[in-house]
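Topology and contacts: notes
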Protein chains: 4
Amino acid sequence: MQAKSSRQQQAIVRREHLVDTALALFSQQGYDATSIKQIAAAEGVAVGLLYHYFPSKSELLRAVWERHSFLPELRALLLVEHGETAACVLQKVAERFSAMIDRKESLFRLMVRESQSNSEVADCLHAIVEEGITALGAYLETRVELGELRPHNTALTARMLLGTVLTTHLARLPIRPWVELVTQLLHGISAHPN
Amino acid sequence: MQAKSSRQQQAIVRREHLVDTALALFSQQGYDATSIKQIAAAEGVAVGLLYHYFPSKSELLRAVWERHSFLPELRALLLVEHGETAACVLQKVAERFSAMIDRKESLFRLMVRESQSNSEVADCLHAIVEEGITALGAYLETRVELGELRPHNTALTARMLLGTVLTTHLARLPIRPWVELVTQLLHGISAHPN
Amino acid sequence: MQAKSSRQQQAIVRREHLVDTALALFSQQGYDATSIKQIAAAEGVAVGLLYHYFPSKSELLRAVWERHSFLPELRALLLVEHGETAACVLQKVAERFSAMIDRKESLFRLMVRESQSNSEVADCLHAIVEEGITALGAYLETRVELGELRPHNTALTARMLLGTVLTTHLARLPIRPWVELVTQLLHGISAHPN
Amino acid sequence: MQAKSSRQQQAIVRREHLVDTALALFSQQGYDATSIKQIAAAEGVAVGLLYHYFPSKSELLRAVWERHSFLPELRALLLVEHGETAACVLQKVAERFSAMIDRKESLFRLMVRESQSNSEVADCLHAIVEEGITALGAYLETRVELGELRPHNTALTARMLLGTVLTTHLARLPIRPWVELVTQLLHGISAHPN
DNA sequence: GATGAATGAGTTTTCATTCAT
DNA sequence: TATGAATGAAAACTCATTCAT
């Protein structure tokens, strides 16, 4: 593996900076409402320089969401230890998922926004949702088989957990009662257990 | 009460048409990506006419979401008959809420999108969420008092129900298992009732 | 002479109102910067109505300066009684000229402004200047013949008197020392009379 | 001191060209009646380039009158040698003032015109008038003290001299009798010296 | 006489992109 | 690598004018 020259290093750093600046602005104002000039100004460079690093504005957008992709992180947080109880696992998942959205809030908001007119972004977001529901559902299925959970629509439970966390963030609700969320998911709210 | 002349009638109709056309295009492409020219062309009128009806593009956006406001409908669907069981009521709410989003999908998507950079839209959306959670939570509280439900975090339950329905629509998931949603909400998924 | 019907009367009044409103706005903002819409709004009528009274915006401008023409008034104020001394006459002329500009300040400013690109206005203004200088010069000539004044460039004296009054108004200088103006014009400022 | 690259040089030259072109057109047609497109066309460049150099049309106007400001030149022409007679000085002032207006006729007309709706321009023009009257008046005061001139309203004399020159230019009168102007100013026109 | 909806050409301004330096 | 002058197309918005009612 060859050591990179300082020129190359600097170029990489600058590229990343530009992507981060673009993310921040795209997220706040929306992709269409953000101009190349603004991004260049925020970074303190000339407009032309952006075109050295990215062939076009839309490619810059792509670079943004490719760099910060959720998927690996989502996969990591869904890799649960099978020795623990479902209660424990579900709570960890809820908390980690919530924390991940917090950490990547800009990208999250950007993608939710742009997914509505950019089908590539839409597909990407859709894949994330599918993967989350499938992985969490599959885990729940194993707990049903072990007799810890009743047979039930596990995909729906996954939707409920992830969906509740998601809307909490989208709506910027400050209170995040993930402990109670798991309790209610497990035991329901009826006074008359069937 | 004075009868309106046909000129005035026609003007009102045209105004509404323009708002509807704007909604459709704003929703598909986003507010910023939609030009006044496009809206005028879709309606078959001159660009200048839009400025006869609306002082600016942003006022046209406001007209869009003021005309189709969710709130009245949301309030209506949350007016539940107290004679029925919670299971019945929750299911009706889920179904009606889902149907409402379907019916107003364009506006819904537009507002979710624009709320991220337009604080007025954000406030409006926030108010809707708050009202939904509060009203549904208050209903659940009455069922707790009647002994039909266990004492629990009713606001969270409301979030779970509405949030699950919401994300289902946002993610365009086609399967809408509202019957099971209510069952799981009421009875949980644990094999070991506490 | 036939009495005018009240409809006709009203129409004449409205026309004059419109001309006055147009004068006020043209004068404040300039002809180009004033829109027909603005004039109609200031008068509280529909845009279309202006086109019943005036065939075009430029005709409205013409109506403005034809209605308020300086010339008759200028001629009147230069009709001096020949029995009086030049000192007396010159002072009256200065004062009346100054008062006339005050009274017609809007039109005066409008014409100075528009004369620079509208040759018709320029010609009109030029004619006024010429007529003023000629008439006042001719009067001075009679006083030279009577031996009250020395033979001199009477047209220049007219320019000096009228020009000083004019620039005073154009520059909005508040102090108007017309008495001293005439004294200096007559006797000069040199300590060594030749 | 760093030498400027030829690119920078060229940019500066172009900027000045644009200002000059704008001055010519604004002056002929008026600010409002001159479009950015026209200026760009006259210069043979794209419309957008104007916005590279000036943030808005109104800033271009400001650039025009800041670049060609009268004041320094006016101050220079009023710096008179005190060894000379008042007759000599006043004539030089009249001639130089007249020549200055000729040289800067475009700007002069533009400012007179726009001062009527642009208060910044009005203030600037007012300051010039004030400065001229004050400086020339102060000079006359020194000649009164030396006994060359009678005590009199020196500010008024300044107004008379400058005002007569000014109106001559504004009215485009071709004959400019500055020699006689000074003579009459000094000795008056009365046949009966007091 | 009076309205105001409708138009089409115009305005100022912005923007993504290119390219000589 | 980095600059910013230059472009052309398109944006939002305005306006004088027309005309059916």
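Residues numbered from 1 in each chain as written. Chains lettered and ligands numbered in written order. Predicted model: local features only at pLDDT ≥ 70, side-chain atom pairs only at ≥ 80, totals over all residues. Heavy atoms only, no water.

What to know about the overall build of chain A
Broken down by element type, chain A carries ten helices and zero strands. Along chain A, helices and strands appear, N-terminal first, in the series α-α-α-α-α-α-α-α-α-α. Dimensions along the principal axes, computed over C-alpha positions, put chain A at roughly 70 × 40 × 30 Å. For chain A, with 194 residues in total, the buried portion stands at 48%. In chain A, of all internal contacts separated by at least 6 residues, the share reaching a separation of at least 24 is 67%. Of the roughly 9300 Å² that chain A leaves accessible, carbon and sulfur atoms contribute 56%. The centroid of the 20 positive side-chain charges in chain A is displaced by 6 Å from the centroid of its 21 negative side-chain charges. (Helix = DSSP H or I, 4+ residues; strand = E, 2+ residues; numbered from the N terminus. Buried < 20%, exposed > 50% of the residue type's maximum accessible area, 1.4 Å probe, protein only. Contact = heavy atoms within 4.5 Å. Areas by Shrake-Rupley, 256 points an atom, 1.4 Å probe, with all protein chains shown as cover. Lys, Arg positive; Asp, Glu negative; His and termini not counted. Charge placed at Lys NZ, Arg CZ, Asp CG, Glu CD.)

Focus on the nonpolar core
Ranked by internal contacts, the top residues of the largest apolar core, which has 125 residues, are Phe26, Val93 and Leu161 of chain A together with Phe26 and Leu161 of chain B. Once residues lying within four places of it in the same chain are set aside, the contact partners of leucine 161 of chain B are Leu90, Val93, Ala94, Leu136, Leu181 and Leu185 of chain B. Formed by 124 residues, the second largest nonpolar core is a distinct cluster that contains Val64 and Leu186 of chain C together with Trp65 and Val80 of chain D. (Core = buried A, V, L, I, M, F, W, Y, C linked by side-chain atoms within 4.5 Å.)

Side note on helix 9 (residues 154–170) of chain B
Three- or four-residue spacings in an α-helix give side chains the same orientation, since the helix completes a turn every 3.6 residues. Residue and element names in this part refer to chain B. The terminal C-alpha atoms of helix 9 lie 24 Å apart, and with 17 residues this matches the ideal 24 Å at 1.5 Å per residue to within 8%. For helix 9, the tally of buried residues reaches 15 of 17 residues, placing the bulk of the element in the interior. Where helix 9 begins, one side-chain oxygen reaches toward the backbone nitrogen of alanine 155, 3.3 Å away; that side chain belongs to asparagine 153. Once helix 9 ends, the next one or two residues include arginine 172, with phi positive near 55°. (Expected span 1.5 Å × (residues − 1). Polar contact = N/O pair within 3.5 Å; in protein donor to acceptor, adjacent residues only side chain to side chain.)

Here's the deal with the relation of the copies chain D and chain C
When chain D is fitted onto chain C, the two copies agree to an RMSD of 0.2 Å after a turn of 179° and an axial shift of 0.0 Å. On this basis, the relationship between the two copies can be described by a two-fold rotation axis. No C-alpha of chain D lies nearer the rotation axis than that of glycine 188 of chain D, which sits 1.9 Å from it. Interface overlap between copies is the fraction of interface residues in one copy that are interface residues in the other; for chain D against chain C it reaches 98%, indicating a shared surface. (Least-squares fit on C-alpha atoms with pLDDT ≥ 70 in both.)

Points about the arrangement of the chains
Note that chain A does not reach chain C: the shortest distance linking a C-alpha of one to a C-alpha of the other is 31 Å. Without any contact between them, chain B and chain D keep their closest C-alpha atoms 20 Å apart.

A word on the relation of the copies chain B and chain A
The relation between the two chain copies is a rotation about an axis coupled with a shift along that axis. For the match of chain B to chain A, the screw axis carries a shift of 0.1 Å, the RMSD comes to 0.2 Å, and the turn is 180°. A share of 100% of the interface residues of chain B reappears at the interface of chain A, consistent with the copies meeting face to face through the same patch.

Some points on the interface of chain D and chain C
With 50 residues of chain D at the interface, the matching set in chain C holds 50 residues. Of the roughly 4600 Å² buried between chain D and chain C, counting both surfaces, carbon and sulfur atoms make up 55%. A per-residue breakdown of the area chain D buries against chain C is headed by Gln116, Arg159 and Ile189 of chain D, which together make up 17% of the total. Here chain D is connected to chain C by zero salt bridges. Across the chain D-chain C interface, the total number found is 30 residue pairs in polar contact (both at pLDDT 80 or more). For the side of chain D that touches chain C, the elements supplying multiple residues, two or more each, are helix 1 (6–29), helix 7 (105–114), helix 8 (119–145), helix 9 (154–170) and helix 10 (178–187) of chain D. (Buried area = accessible area lost by both parts, 1.4 Å probe. Salt bridge = Lys/Arg side-chain N within 4 Å of Asp/Glu carboxyl O.)

Describing the packing of aromatic side chains
Residues and elements named next belong to chain A. According to the stated counting rule, one finds eight aromatic pairs over all chains in the structure shown. Relative to phenylalanine 54, the ring of tyrosine 53 has its centre 6.4 Å away and its plane inclined at 45°; by these criteria the two rings are tilted. What makes tyrosine 53 partly exposed here is its relative accessible area of 22%. According to the relative accessible area criterion, phenylalanine 54 is buried, its value standing at 4%. One cation-aromatic arrangement involves lysine 57 over tyrosine 31; the distance from NZ or CZ to the ring centre is 4.5 Å. (Phe/Tyr/Trp six-rings, centres within 6.5 Å; stacked < 30°, edge-to-face > 60°. Lys NZ or Arg CZ within 6 Å of the ring centre and 35° of its normal.)

Here's the deal with the interface of chain B and chain A
In this complex, chain B contributes 49 residues to the contact, which on the side of chain A involves 51 residues. Counting the surface lost from both chain B and chain A, the interface buries some 4600 Å², and carbon and sulfur atoms represent 55% of this. Taken as a group, Gln116, Arg159 and Ile189 of chain B account for 18% of the area that chain B buries against chain A, more than any other trio of residues on that side. Viewed at the interface, chain A and chain B are joined by zero salt bridges. Taken together, the links from chain B to chain A amount to 30 residue pairs in polar contact (both at pLDDT 80 or more). Those elements that provide at least two residues to the side of chain B that touches chain A are helix 1 (6–29), helix 7 (105–114), helix 8 (119–145), helix 9 and helix 10 (178–187) of chain B. Examining the composition of the side of chain B that touches chain A, we find that ten residues originate from one element, helix 9 of chain B, more than from any other.

Remarks on the pattern of salt bridges
Going through the model one piece at a time under the given rule, you end up with 44 salt bridges over all chains. Linking arginine 143 of chain B and glutamate 148 of chain B is a salt bridge whose minimum nitrogen-to-oxygen distance equals 2.7 Å. The exposure classification of arginine 143 of chain B matches that of glutamate 148 of chain B, with both residues buried. Salt bridges here are not isolated pairs; linked through shared partners, they connect Glu59, Arg62 and Glu120 of chain A.

Comments concerning the UniProt feature "domain: HTH tetR-type" (unreviewed entry) in chain A
Mapped onto the present numbering, the UniProt feature "domain: HTH tetR-type" (unreviewed entry) falls on residues 12–72 of chain A. Secondary structure content for residues 12–72 of chain A is 75% helix and 0% strand, while the C-alpha to C-alpha distance between its ends is 22 Å. (UniProt positions renumbered as here; feature names shortened; annotations may be inferred.)

Things to note about the UniProt feature "DNA-binding region" (unreviewed entry) in chain A
In the UniProt entry, the feature "DNA-binding region" (unreviewed entry) is given for residues 35–54 of chain A. Strand forms 0% of residues 35–54 of chain A and helix 75%; the C-alpha atoms that close the span are 14 Å apart.

Let's talk about the protein's contact with DNA strand F
Taken together, the neighbourhood of DNA strand F is formed by 35 residues, with Tyr53 of chain A, Tyr51 of chain B, Lys57 of chain C together with His52 and Tyr53 of chain D sitting nearest. Sugar plus phosphate: this is where 67% of the atoms of DNA strand F within 4 Å of the protein reside. Separating a base nitrogen of DNA strand F from a side-chain N or O atom of histidine 52 of chain A is a distance of 2.9 Å. A distance of 2.4 Å separates a phosphate oxygen of DNA strand F from a polar atom in the side chain of tyrosine 53 of chain D. (Near = heavy atom within 4 Å.)

Quick look at the environment of glutamate 73 of chain C
Residue and element names in this part refer to chain C. Tracing the chain through its elements places glutamate 73 in helix 5 (residues 71–77). Assessed through its relative accessible area of 23%, glutamate 73 is described here as partly exposed. On a C-alpha basis, the gap between glutamate 73 and valine 47 in space is 33 Å, while along the polypeptide they are 26 residues apart. With residues up to four places along the chain from it excluded, the contact list for glutamate 73 reads Met100, Arg103 and Lys104.

A closer look at the side chain of glutamate 148 of chain A
When you line up the elements, glutamate 148 of chain A lands in the loop between helix 8 (119–145) and helix 9 (154–170). Taking relative accessible area as the criterion, glutamate 148 of chain A reaches 18% and is therefore assigned buried. At a separation of 2.8 Å, a polar atom in the side chain of glutamate 148 of chain A contacts the main-chain amide nitrogen of alanine 86 of chain A. Within the local environment of glutamate 148 of chain A, its side chain forms a polar contact with the side chain of arginine 143 of chain A, the two groups lying 2.7 Å apart. Leaving out residues up to four positions away in the same chain, glutamate 148 of chain A has contacts with Thr85, Ala86, Ala87 and Arg143 of chain A together with Ser190, Ala191 and His192 of chain B.

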